[in-house]
Amino acid sequence: MDNKNITFKSKDLLGIKDLSQEEISLILDTASGFKDVLERDIKKVPPLRGKTVANLFFEPSTRTRTSFELAAKRLSADVVNFSVPTSSVVKGETLKDTALTIQALGADFVVIRHSSSGVPHMLSKILDISIINAGDGANEHPTQALLDLFTIRSHKKKIEGLSVAIIGDIAHSRVALSNIYALTRLGAEVRVVCPPTLMPAGIGELGVKTFGSIEEGIKDTDVIMTLRLQLERQSKGFLPSLEEYFTLYGLTAGRLKLAKKDAMVMHPGPMNRGVEISSEVADGPQSVILEQVTNGLAVRMAVLYLLGGVKK
Ligand code: CP
């Protein structure tokens, strides 16, 4: 890979909000190179040899944690997976002391997922090493949005001018917020579709169009992004029932016909089949859901590579 002109000014990836259009394009272009590497017989390259990546996941994850681990290994880094239930966190050690301990052990990157918004930003100030946000509360999930952009771009060859509908729990979704920042920054038309109880006040200020009806929201769109319905919300009175949510907002084959013929169907996972999306659509020919997962590896390799594990 030609890396002569690659620069990334921050030591951290905390969110899409902080990234310029050029930085987003740099990550996507770099990921394209790594996608080619991942299709070779020998998938391992040396840029992070001698570096250590620590995965600190305070919330469950399948895709993000596994793909960060694989991405680090493909770049020849060492990986430490920090397991909260078997760590000294359960003895009352603070997050700050835990993070400082991991830095003292020689990690060059901390990949952090936490239920509280702003935790990666706090660690960024405390630690000298690179912090990568793997999802913080209802704030951001930047690498998910980057892999979504990568997947859209690889099918549609552009982002600018596309019409993208994001359907689901907009108020509590870090995937939605990161995608709204990313897609609007690259010139897509973004529509958000959800029940009034899940529509955040002031969302229009982010440059999106709001829809209470899925039929209107997905009409003639190029991309439909369904979000995981956080089932715990159901008990908090945001939704009458999961059945009613599917009846009113579920992506079905019938509704999909309202979008463009070649519309892509996306979902960040994990899916609740029969709640936000039908199995027929999730497993159908327009679905790119597993491709999103595959692309996440190349995108996370690009992020680790561009940050470089160096003190900036
Ligand atoms: N999309 C996503 O973040 O999935 P995981 O929770 O499995 O990492």
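None of these values were measured; they are calculated from a predicted model.

**Observations regarding the overall build of the protein**
Right, so step 1: Broken down by element type, the protein carries 11 helices and nine strands.
Right, so step 2: Against the 2.2 N^0.38 benchmark of 20 Å for 312 residues, the protein shows a C-alpha radius of gyration of 19 Å, consistent with a compact globule.
Right, so step 3: Counting only C-alpha atoms and orienting by the principal axes, one finds that the protein spans roughly 55 × 45 × 35 Å.
Right, so step 4: Counting over 312 residues, the protein shows a buried share of 55%.
Right, so step 5: Only carbon and sulfur atoms are counted for the fraction: they give 52% of the accessible area of the protein, which is about 13,500 Å².

**A look at the sheet that holds strand β1 (residues 52-57)**
Right, so step 1: Across the sheet, four strands lie side by side as β2-β1-β3-β4; this open sheet has parallel pairing. In the strand order of this sheet, the two ends are held by β2 (78-83) and β4 (130-136), each with one partner. Between one strand axis and the next, the sheet turns by 15° as a mean value, whatever way the strands run.
Right, so step 2: Alignment of strand β3 (residues 109-114) against β4, held across five bridges, turns out to be parallel.

**Considering the site of the ligand**
Right, so step 1: Neighbouring the ligand are the residues S61, T62, R63, T64, R113, H141, Q144, P268 and G269.
Right, so step 2: Between the ligand and P268 there is a distance of 2.9 Å, counted from a nitrogen atom to a backbone nitrogen or oxygen.
Right, so step 3: Burial of the ligand by the protein amounts to 92% of the accessible area it has alone, namely 260 Å².
Right, so step 4: Across the shell around the ligand, the residue classes break down as one nonpolar, six polar and two charged.

**Observations regarding the sheet that holds strand β8 (residues 223-226)**
Right, so step 1: As summarised here, the arrangement of the five strands in space is β7-β6-β5-β8-β9, forming an open sheet in which the pairing is parallel. Two strands bound the open sheet, and with one partner strand each, they are β7 (209-211) and β9 (264-266). Going from strand to strand, the sheet's axes swing by 20° on average, the running direction of each strand aside.
Right, so step 2: The sheet contact formed by β8 and β9 spans three bridges and is parallel. Within β9, the position partnered with I224 by the bridge is V265.
Right, so step 3: Strand contacts of helix α6 (residues 174-185): β5 (163-167), β6 (189-193) and β8, with the helix running at about 170° to β5, the strand carrying the most contacts.

**So, the packing of helix α5 (residues 142-156) against helix α11 (residues 289-307)**
Geometrically, a packed helix pair is captured by the angle between its two axes and the distance between the axes.
Right, so step 1: Contact geometry of α5 with α11 gives a least axis separation of 8 Å together with a crossing angle of 115°. Of the two possible hands of crossing, α5 and α11 adopt the one that is right-handed. Across from T143, Q144, L146, L147, D148, F150, T151, S154 and H155 in α5, the residues of α11 making contact are E291, Q292, N295, G296, V299, R300 and V303.
Right, so step 2: Here the contact of α5 with α11 is built from residues that sort into five nonpolar, eight polar and three charged.

**A few points about the nonpolar core**
Right, so step 1: In this structure, I166, L183 and L304 are the most contacted members of the largest nonpolar core, which totals 89 residues.
Right, so step 2: Sorting elements by how many residues they give to this core places α11 first, with 11 residues.

**Re the pairing of β3**
Right, so step 1: Of all the six residues making up β3, six are buried; the element is thus mostly covered by neighbouring parts of the structure.
Right, so step 2: Because side chains alternate across β3, one face comprises the buried residues F109, V111 and R113, and the other comprises V110, I112 and H114, equally buried.
Right, so step 3: Inspection of the sheet shows β1 paired to β3 by five bridges, in the parallel sense. Note on β3: the bridge partner recorded for N55 is V111.
Right, so step 4: After leaving β3, the chain enters helix α4 (residues 119-126) and then returns to the sheet as β4, a path that is right-handed.

**Some thoughts on the side chain of S287**
Right, so step 1: Position of S287 among the secondary structure elements: in the loop between α10 (279-282) and α11.
Right, so step 2: Among the polar contacts made by the side chain of S287, one reaches the main-chain amide nitrogen of I289 at a distance of 3.3 Å.
Right, so step 3: Ignoring any residue separated from it by four or fewer positions in sequence, one finds S287 in contact with V265, V281 and A282.

**Side note on α11**
Right, so step 1: Its 19 residues place the ends of α11 27 Å apart at the C-alpha level, agreeing with the 27 Å of an ideal helix rising 1.5 Å per residue.
Right, so step 2: Bending of α11 peaks at approximately 25° at the position of N295.
Right, so step 3: Burial analysis of α11 places 15 of its 19 residues in the buried class, the great majority of the element.
Right, so step 4: A positive phi of about 80° marks G308, the residue just after α11.

Cut-offs used in this document
- Residues numbered from 1 in each chain as written.
- Predicted model: local features only at pLDDT ≥ 70, side-chain atom pairs only at ≥ 80, totals over all residues.
- Heavy atoms only, no water.
- Helix = DSSP H or I, 4+ residues; strand = E, 2+ residues; numbered from the N terminus.
- Rg over C-alpha atoms; globule rule 2.2 N^0.38 Å.
- Buried < 20%, exposed > 50% of the residue type's maximum accessible area, 1.4 Å probe, protein only.
- Areas by Shrake-Rupley, 256 points an atom, 1.4 Å probe, with all protein chains shown as cover.
- Pairing = 2+ DSSP bridges.
- Axes fitted to C-alpha atoms, helices over the stretch in contact; angles between N-to-C directions.
- Near = heavy atom within 4 Å.
- Polar contact = N/O pair within 3.5 Å; in protein donor to acceptor, adjacent residues only side chain to side chain.
- Nonpolar A, V, L, I, M, F, W, Y, C, P; charged D, E, K, R; others polar.
- Contact = heavy atoms within 4.5 Å.
- Left-handed = near helix turned anticlockwise from the far one by under 90°.
- Core = buried A, V, L, I, M, F, W, Y, C linked by side-chain atoms within 4.5 Å.
- Right-handed = clockwise from strand over helix to strand, strands pointing away.
- Expected span 1.5 Å × (residues − 1).
- Bend = angle between axes of the 7 residues up to and from the residue.

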